[in-house]
Amino acid sequence: MANSPQSKKRARQSEARYAVNKARRSRIRTFLRKVEEALASGDQAAAAAALKVAQPEMARGVTKGVLHKNTVARKMSRLSSRVKTLGAAAAA
């Protein structure tokens, strides 16, 4: 347990940061879930729109230190690829 005033303050800061980061992660996952649901429904326009809204949220997660930049880059790449192939499949 934290005993010194400094360690008590650091524990408080850690709890506050944990709550903020948890909320950010949850928000990002919600946007990703909306993209996944649009992909599952087969609606390419809705999936593209959901991805367009999700991308800035994911990028914000990187700048805030919640997610690693390569993780977000990989997720964005894979999702945009899936949206693109969905559009190609619908056209064919």
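Relevant structure appears above.
Notes on the structure in this doc start here. The structure displayed is predicted, hence computed values, not measured ones.

1. Concerning the overall build of the protein chain
And step 1. Along the protein chain, the regular secondary structure elements total three helices and zero strands.
And step 2. Along the protein chain, from the amino end to the carboxyl end, the secondary structure elements read α-α-α.
And step 3. Since a compact globule built from 92 residues should have a radius of gyration of about 12 Å, the 18 Å found for the protein chain marks it as more spread out than a globular shape.
And step 4. Expressed as lengths along the three principal axes of its C-alpha atoms, the size of the protein chain is roughly 65 × 20 × 20 Å.
And step 5. Residues counted as buried form 23% of the 92 residues belonging to the protein chain.
And step 6. A fraction of 58% describes how many contacts in the protein chain between residues 6 or more apart in sequence connect residues 24 or more apart.
And step 7. Element-wise, carbon and sulfur atoms account for 54% of the exposed surface of the protein chain, whose accessible area totals about 6500 Å².

2. Description of the side chain of Glu 57
And step 1. One can find Glu 57 in helix H2 (residues 44-63).
And step 2. Look at Glu 57 and you get buried, because its relative accessible area is 10%.
And step 3. Here Arg 27 takes part through its side chain, which lies 2.9 Å from a polar atom of the side chain of Glu 57.
And step 4. Once residues within four sequence positions are removed from consideration, Glu 57 is found in contact with Arg 27, Ile 28 and Phe 31.

3. Describing the pattern of salt bridges
And step 1. All told, the structure shown has four salt bridges when counted by the stated rule.
And step 2. A salt bridge links Glu 57 to Arg 60, with the shortest nitrogen-to-oxygen separation between them at 2.9 Å. Taken together, the residues span about one helical turn, with Glu 57 and Arg 60 both in helix H2 at a distance of three residues.
And step 3. Residues participating in the shared-partner salt-bridge network are Arg 27, Glu 57 and Arg 60.

Cut-off values and rules
- Residues numbered from 1 in each chain as written.
- Predicted model: local features only at pLDDT ≥ 70, side-chain atom pairs only at ≥ 80, totals over all residues.
- Heavy atoms only, no water.
- Helix = DSSP H or I, 4+ residues; strand = E, 2+ residues; numbered from the N terminus.
- Rg over C-alpha atoms; globule rule 2.2 N^0.38 Å.
- Buried < 20%, exposed > 50% of the residue type's maximum accessible area, 1.4 Å probe, protein only.
- Contact = heavy atoms within 4.5 Å.
- Areas by Shrake-Rupley, 256 points an atom, 1.4 Å probe, with all protein chains shown as cover.
- Polar contact = N/O pair within 3.5 Å; in protein donor to acceptor, adjacent residues only side chain to side chain.
- Salt bridge = Lys/Arg side-chain N within 4 Å of Asp/Glu carboxyl O.

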